[in-house]
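Each chain, letter by letter, is given below.
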Amino acid sequence: MSLVLFRIDDRLIHGQVVVGWGQPLDIGFIVLVDDEVAKSEWEQELYRMGTPPEMDVYFHSVVDAESALVRYNGEERNGILLTGNIESMLRLVQDAGVRTVNIGGIHHRPGRRQRLRYVFLFPEEEQLLRQMASLGAAVTAQDVPSSRAVDLTELLESEASVQ
């Protein structure tokens, strides 16, 4: 067992992650990688409140997470690693050897183009995802385990209306 899902989700910890992914994957812990949350006890407490008491939540900055992944990959329990943005996950692909990336929810902002009903991307973010793939990471979009995983090529060629 160890980290079984590396997910980009701009909402970080919420019901879809805890219940939708956590239960089917039998998750015992979540590693939340976010530079701002790692500095805020108040935000950490809010995210802990969104998980059941038996599920541990660990907080790291991107730099700290790179070295901590060895420990989490040695865990007896299954875990999920979450980042709130593509840039943070790219750093983990580059520097910590992450090789599978799940795009969960990247929501609308002005200037982002809708690719799936739950994925909106700036052109710069599309380029970062391509960079992840060029480094050997398998990048797919999948909101919940029961839906079909959409590979990066299909994602970047898609328009939300056809999905």
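A quick note: this is a predicted structure, and the numbers were derived from the prediction, not measured.

Asker: Whenever I open this one, the packing of helix 5 (residues 86-96) against helix 6 (residues 123-134) confuses me. Can you help?
Answerer: When two helices pack together, their arrangement is captured by the angle between the axes and the distance separating the axes. For the pair helix 5 and helix 6, interaxial distance at closest approach is 10 Å and the crossing angle is 15 degrees. In terms of orientation, helix 5 lies roughly parallel with respect to helix 6. For the pair helix 5 and helix 6, the crossing hand works out as left-handed. Across the interface between the two elements, Ile 86, Glu 87, Met 89, Leu 90, Val 93 and Gln 94 from helix 5 touch Glu 125, Leu 128, Leu 129, Gln 131 and Met 132 from helix 6. For the contact of helix 5 with helix 6, a count of residues per class yields seven nonpolar, two polar and two charged.

Asker: Explanation requested: the sheet that holds strand 4 (residues 78-83) in the structure shown.
Answerer: Pairing in this open sheet of seven strands is mixed, and the strands run 3-2-4-1-5-8-9 from one edge to the other. With partners counted over all chains shown, the strands left at the sheet margins are strand 3 (56-60) and strand 9 (150-151), one partner each. Relative to strand 5 (residues 100-103), strand 1 (residues 3-8) runs parallel, the two being bridged by two bridges. By the bridge assignment, Arg 7 is partnered in strand 5 with Asn 102. Across the sheet, helix 5 touches strand 1, strand 2 (27-33), strand 4 and strand 5, and the angle it forms with strand 4 is around 125 degrees. Where helix 6 meets the sheet, its contacts fall on strand 1, strand 5 and strand 8 (138-141), and the angle it forms with strand 8 comes to roughly 140 degrees.

Asker: Even after reading the chapter, I still don't get helix 4 (residues 62-73), so can you show me in this structure?
Answerer: Helical geometry: 3.6 residues make up each α-helical turn, so side chains three or four residues apart lie on a common side. Given a rise of 1.5 Å per residue, twelve residues ought to cover 16 Å, and the 16 Å separating the end C-alpha atoms of helix 4 matches this to within 8%. Of all the positions in helix 4, only Val 62, Ala 65, Ala 68, Leu 69 and Tyr 72 are classed as buried. Along helix 4, the residues classed as buried sweep out an arc of 140 degrees about the axis, all on the same side. Turned more than 90 degrees off the buried face of helix 4, the exposed positions are Val 63, Ser 67, Val 70 and Arg 71. Buried-residue contacts for helix 4 involve strand 1, strand 2, helix 2 (35-38), strand 3, strand 4 and helix 5.

Asker: It is not clear to me how unusual backbone geometry should be interpreted in this structure. Could you clarify?
Answerer: Glycine aside, residues mostly have negative phi, and peptide bonds are mostly found in the trans state. The phi dihedral of Leu 12 is positive, around 60 degrees, even though this residue is not glycine. Examined against the element boundaries, Leu 12 turns out to sit in the loop between strand 1 and helix 1 (15-21). Look at Leu 12 and you get buried, because its relative accessible area is 4%. Phi is positive for Asp 26, close to 55 degrees, though the residue is something other than glycine. Position of Asp 26 among the secondary structure elements: in the loop between helix 1 and strand 2. Look at Asp 26 and you get exposed, because its relative accessible area is 58%.

What counts and how
- Residues numbered from 1 in each chain as written.
- Predicted model: local features only at pLDDT ≥ 70, side-chain atom pairs only at ≥ 80, totals over all residues.
- Heavy atoms only, no water.
- Axes fitted to C-alpha atoms, helices over the stretch in contact; angles between N-to-C directions.
- Helix = DSSP H or I, 4+ residues; strand = E, 2+ residues; numbered from the N terminus.
- Parallel < 35°, antiparallel > 145°, perpendicular 65-115°, else oblique.
- Left-handed = near helix turned anticlockwise from the far one by under 90°.
- Contact = heavy atoms within 4.5 Å.
- Nonpolar A, V, L, I, M, F, W, Y, C, P; charged D, E, K, R; others polar.
- Pairing = 2+ DSSP bridges.
- Expected span 1.5 Å × (residues − 1).
- Buried < 20%, exposed > 50% of the residue type's maximum accessible area, 1.4 Å probe, protein only.
- Arc of directions from axis to C-beta.

The analysis is restricted to geometry; functional conclusions fall outside its scope.
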